[in-house]
Structure formats: structure tokens, C-alpha cells
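# Analysis of the macromolecular model
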Amino acid sequence: MTNRQRFLDACHCRAVDRPPVWLMRQAGRALPEYRELKARHNFLELVRTPALAAEVTLQPVRRFDFDAAILFSDILVVAEGLGQGYQFRDGGGIQMDFPLREQNDIARLDTAALPEKLNYIPGALQLLKKSLGEKTALIGFAGSPWTLANFMLEGGSAKEFVRAKNLFHQQPETFSLLMEKLTMAVAKLLEMQIAAGADAVQIFDSLGGLLPQKDFPAASAKWMKQIISTVRGAVPIIVFSKDVHGNWDTLIETGANILGIDSAIRLADVRKILPPGIGVQGNLEPSLLAAAPTKVSEETKRILEEMRGARGHIFNLGHGVPPDAKLESISALVETVRNFK
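Right, let's walk through the structure included here. (Residues numbered from 1 in each chain as written. Predicted model: local features only at pLDDT ≥ 70, side-chain atom pairs only at ≥ 80, totals over all residues. Heavy atoms only, no water.)

### A look at the environment of Leu-251
Structurally, Leu-251 can be placed in helix α13 (residues 248–253). For the pair Leu-251 and Leu-274, spaced 23 residues apart in sequence, the C-alpha separation works out to 9.8 Å. When near neighbours in sequence (up to four residues on either side) are disregarded, Leu-251 contacts Phe-216, Val-239, Ser-241, Val-244 and Leu-259. (Helix = DSSP H or I, 4+ residues; strand = E, 2+ residues; numbered from the N terminus. Contact = heavy atoms within 4.5 Å.)

Next up, the structure:
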């Protein structure tokens, strides 16, 4: 069985000989070969240059032979495609070229221009598809409308994200206008990635946990459900909604094939809640990758034992790869999953 087939079978909750393994976004940033590229090119150059984005995507696959590769990109390319560019602050964090403040700012966002502005993304995927062939699955992704709205309304990274919640409660019609545009844009981006060869796509709702349980369905899940309805059936769809532990029924109703689970909850407990047709992805604590390989192997075995016999389990972290991850600890994770019987 190829890595690609193992991954896709798990997405469809079929029986596999072992859980497929890959690591969430930013898997390459702990690698010396990535740092070498980063010394010569800034982050946005890496994202916007198809050959460079493909190279960064392939680096961790070459080292660790993951079952799947996830495109090197950024969730804020959607904002860029709509006409709201972004940069990285010298002191860290994101800076949007301008914040969305008035309804006119939202009205100016141009969904029609997105395919042309983001044509570098299918370009990178096409290069990757040629390199990976049938051996390794290729995953595309986008940010959720709710998560994107927070950055776009705040004007970048923020110590506390408040403007999206304020807009949701105080100006629901304006909030809906923004979310409709973002939903259309995210669906279009995912369709572009699928057409370029992505075997699966993932929606990162990284800020879903900012919402109270009662608000999550209307402020975030509703829009992800619309996206999934638009692209449903083309490829498996993974939804990762961080720190959303009281809305399992709502997440199920989005129509996702796989739910990504963060590290704050026991994966085996979530597996018992979900219907058999929905798989799970996760959920090793990311900070463990900075610990000794023996500790990583021990915790990986614990999760594998708890999930023994479960269909549709994709082994992964509970969030992105930390920059201080040790290469030997990533290797220990992969080897432990590969040798699990």
C-alpha cells in the first residue's frame, strides 16, 4: 500500500495496516535546509514563488517520508487574493496592509480577482504533484472565514481579538457580508487546489476557540459548512477547529470527513463521540517535539494504544510544529507510528 493510498483510506475511515502520519503546517521550519532557504528569501517570497514553495513542502517529506505533504503557504493568502495584502512585522506577527473598518472596506474586497492573484498556489501544487507522484498524498489548505475575519478586522496579529466578535454581535448584516465574501473566496481557493492535484484539503479554524459555545455555530461552523457543501465529493476534507470542545455535533454537521483534534482533550474520548463515518486527526502535544526522543516515543505509543483498532485515525500533532522541534524527536515520532503493531 502506498503512503498516498493509506492516507486516503484513513480519510474515508477504511481499515489500514497502521495509522498514516504527517505533521501539520510548518513542519519544515525546524529543518536546517529550510533555514538556509530562509536566509536567502523572505517568507512571502517562499510562499509566492511556486518552485520555492514546492521545495519547502518537499523538505520534510524527503527527511521523514511522511504519508502526506501539506502545501507550504499561509492562511492569509485569501486576504491578499481579495485585495488586502499582508506583511510580517519586524518584531514578529502579521501586519495587514490596512484594517477593515467600514462597510466600504468590505465592499472593496474583490472575489473575482482571487484566481489571478493567487495563481502561484496551483503552480506550486502542480510542481509538487509531479515530484510526489502516487507515493505520497498532497494536501492543500485554507483558513476558515472566522479565523481570517479576525486578522482582517484587527489589521493583523493582536494580543486580544475583539473586532470580529463585536461585528458579529453589533452589526450582524455587515458581519454576514464579510463572511459571505470570505466563504466564497475560501471555497474558490480550495477548488483551485483540488484542480491542481490536491488529494485532500484542510480548513484551519485556528481561532474557533475564541467563540463562546453558543456563538460558534453561527459565527464559524455555518460558513465552513457552506464551503464543504461547495467542494463536497471532490476530495476528503479535514476541519481543524482549535479549542472547540463543546460543539462536536456542530462540527459533525459541517460535513467534514476528518476532524483535527487539538491536544487539550483525550483523542480516544472524542473518537467515542463521533459517528464511525468521521475520522480523527491528532493529537500529540506539539511542545513534546522539543523533548527527548524517548519521551516523544512514549507519548506517541500511548495515543496509538488508546486508538488501537480505530478506523480513520491519522496520526498528527495537536497543532503546528514548534520552531524548536528536534529532528531526532520528529524521527522518533515517525518511527514509533511506523513500527506500531
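### What to know about the pattern of salt bridges
When charged atoms on two side chains of opposite charge get close, those side chains can pair. According to the stated counting rule, one finds 24 salt bridges in the structure shown. Among the ionic pairs, Asp-269 bridges to Arg-266, the shortest N-O distance being 2.5 Å. Taking the relative accessible area as the measure of exposure, Arg-266 reaches 35% and is therefore partly exposed. Bridged by salt links that share partners, the residues Arg-6, Asp-17, Arg-18, Asp-65, Asp-67, Lys-135 and Arg-338 form one connected network. (Salt bridge = Lys/Arg side-chain N within 4 Å of Asp/Glu carboxyl O. Buried < 20%, exposed > 50% of the residue type's maximum accessible area, 1.4 Å probe, protein only.)

### Digging into the pairing of strand β9 (residues 313–317)
The side chains of a regular strand alternate, first on one face of the sheet and then on the other. Counting buried positions over the 5 residues of β9 gives 5, a clear majority of the element. With burial as the criterion, each face of β9 is covered, one bearing His-313, Phe-315 and Leu-317 and the other bearing Ile-314 and Asn-316. Sheet topology note: the strand β8 (residues 279–284)/β9 ladder contains 5 bridges and is parallel. Paired with Val-280 across the two strands is His-313, which belongs to β9. A crossover links β8 with its parallel partner β9, the connecting element being helix α15 (residues 293–306), and its sense is right-handed. (Pairing = 2+ DSSP bridges. Right-handed = clockwise from strand over helix to strand, strands pointing away.)

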